[in-house]
Amino acid sequence: MTWERVDPETLDLENHRRELVMVEEVLRQTAEYWEEVRRQFELDDNLTRNRYLYRAPSGGLYDIVFVGRTDEPFPSGMEFWYLADGFDQLPPRSTINADLWDLVRDLVAGVEERYPDVASLEVFERQMSALVRRAGDQFYDLLRDDPAL
Amino acid sequence: MKNKGSMPPVDLPNRRDFIRGGSVFGLGAAASGLVGCSASGQISGADTGAGTTGDRRLFNGLSAETSEVYPFEYKELEINGRRIHYVDEGSGPTVMLLHGNGNWSYHYRGVINRLKDRARVVCHDHLGCGLSDKPAFHRQYTIENHISTLYGVIEALDLGGITFYCMDWGGPISFAYATANPDNMRGLVIGNTWAWGEHVPFLRSAVWRSRHQPVVRPLRARFRRDVPPQLNSPNPGGDWDTPAAHEVAGYDRRYSENSETKSMGFNRSTQVNSDHPLEYLQRTARTFAQIEAGLPGLQHLPVRVVSPENDPAFPPENQERWRELFPNAPPVIRIPDSGHVGQASELGSDLIVGAIGEVLDEAAQMASVGGVI
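Residues numbered from 1 in each chain as written. Chains lettered and ligands numbered in written order. Predicted model: local features only at pLDDT ≥ 70, side-chain atom pairs only at ≥ 80, totals over all residues.

Engineer: Mind showing me how you'd approach the overall build of chain B here?
Structural biologist: Regarding its fold elements, chain B presents 14 helices and eight strands. Relative to all contacts within chain B whose residues are 6 or more apart in sequence, the contacts with residues 24 or more apart total 76%. (Helix = DSSP H or I, 4+ residues; strand = E, 2+ residues; numbered from the N terminus. Contact = placed C-beta atoms within 7 Å.)

Below, the structure written as structure tokens:
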């Protein structure tokens, strides 16, 4: 993970406010991802773990909150909060998206060897967008190489 | 009547199962300001004037251009504590149109306009779509809850002798009702859809699964906000870049501003099996198995299969499976040069209405010679 883990005790956060930028409600949709999140963020069933903040490559400071439910193993979901200084505006959407992509890259790479980096996911997305628009041979070519089938 | 007696002795889903499995009251009704619910499930909201009907289109933000091509009276029901919008136009035998993920009743405007002189056409917006309530919680959007909503619409409007047209998620939702209530069915017009747990290849592919994985999916939703609403253009290779103003506005009403929640609810339910780590998705796997087991019990009905010919999600071989399940159905009617939502095009609407007309005629003929329809 290229995000830097930061001990909140080392920061002056008195004047900061929090903006929710992304929510994953159902982390256990896929067991592999749930396990990878627990591994990468060093989570276990002890909810009193030390709390950290995370510095993204852009310099943005984020709090990643892990949510528990009584009917599912911990964590059931994740919330991504941007910590803004005072009343400052958030950076452009593209900057936050890039930060989050960077995090997803590592999660995905930890689960699916097929997509080792952001570029491969972006290629994937472009392929899919094209397929939604123009079905046909391209789509079947992609499926033909699919290890899941 | 054909093959009516061949239905296997399976434990079919029934209404009580779906109702018990689904209701989560509170947020949606409170947010929409609804006050009160009659025994029939109809609302008596203070802000709706006439109760279940009234022109709420302005309230719901439809543009003048969209209202012009979607000129249907605004109607709603309270089902499971949520406001469900529906279209109810025309008179005659009942035809219900079931839309899919990323759609709402707007996509059937052409079918409704063409069919309402011949049939009573009912089309509701699934929870989370169109003008229906959009609760924020992902786990609310299970197929069981969507099925329960369909039961609620049918029971509140006292619909009988139903002919379904369904596409995408409208398929398993409507087939859950049809397989459990074959005696209340008149016919089936099957679009690009499925109703079996062993999903079509597209839904099992790494392509599909990766797009809807934890964290990946909500992040993609952030990017998709930049995707224009004409994503659902019926002719992906044709008028994609030049949608009319009403189309832009209409397609954009499919979800609310936090569309990722609703879309996830549908899409992630395709990745289920009986040993899924989440209990509520294990239930979905059982629901699909029950629906599939009940399909042979519908072989006595008049059936047509109508499908866009270039739908990547449901390619031709998927439609042939429907033909195998309903061997008495005529060859698949293909909507040429059409993608996933080809039913929204002029030609698509014509072909679907034609197929529905054939089913209604066949059902009437069967009834006249002593069938059970």
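Engineer: Please clarify how unusual backbone geometry should be interpreted in this entry.
Structural biologist: Where the residue is not glycine, phi is negative for most of them; where a peptide bond is considered, it is trans in most cases. Cis geometry is found at the peptide bond from Phe74 of chain A to Pro75 of chain A, where omega equals -5 degrees. Residue placement: Pro75 of chain A occurs in strand β5 (residues 72-85). Its identity is not glycine, yet Glu42 of chain A carries a phi of approximately 55 degrees, on the positive side. Residue placement: Glu42 of chain A occurs in the loop between α1 (31-40) and β3 (53-55). Within the chain, Asp158 of chain B stands out as a residue other than glycine whose phi angle is a positive 55 degrees.

Engineer: How do you make sense of the packing of helix α6 (residues 170-180) of chain B against helix α12 (residues 279-294) of chain B when you look at a structure like this?
Structural biologist: The geometry of a pair of packed helices is captured by two quantities: the angle between their axes and the separation between those axes. Residue and element names in this part refer to chain B. Interhelical geometry of α6 versus α12 gives an angle of 55 degrees and a closest axis separation of 9 Å. In this view, α6 runs oblique relative to α12, as classed from their interaxial angle. The handedness of the crossing between α6 and α12 is left-handed. Where α6 approaches α12, its residues Pro172, Phe175, Ala176, Thr179 and Ala180 are matched on the opposing element by Thr287, Phe288, Ile291 and Gly294. For the contact of α6 with α12, a count of residues per class yields six nonpolar, three polar and no charged. (Axes fitted to C-alpha atoms, helices over the stretch in contact; angles between N-to-C directions. Parallel < 35°, antiparallel > 145°, perpendicular 65-115°, else oblique. Left-handed = near helix turned anticlockwise from the far one by under 90°. Nonpolar A, V, L, I, M, F, W, Y, C, P; charged D, E, K, R; others polar.)

Engineer: I would appreciate a short explanation of the environment of Trp3 of chain A in the present structure.
Structural biologist: All names here are of chain A. In this structure, Trp3 sits in the segment before β1 (4-6). Its 19 C-beta neighbours within 10 Å are what place Trp3 among the partly exposed residues. In contact with Trp3, not counting residues within four places along its chain, are Tyr54, Arg55, Ala56, Asp102 and Leu103. (Buried ≥ 20, exposed ≤ 12 C-beta atoms within 10 Å, placed from the backbone.)

Engineer: It is not clear to me how the confidence of the model for chain B should be interpreted in this structure. Could you clarify?
Structural biologist: Caution is warranted with low-pLDDT regions, since their predicted coordinates should not be read in detail. Residues and elements named next belong to chain B. With 66% of its residues at a pLDDT of 70 or more, chain B has an overall mean of 76. Here residues 1-51 is a poorly scored stretch, pLDDT under 50, and it has 93 contacts once near neighbours within four places are set aside; other chains count. Taken over the whole predicted complex, pTM reads 0.79, whereas the ipTM for its chain interfaces reads 0.75. (pLDDT = per-residue confidence, 0-100.)

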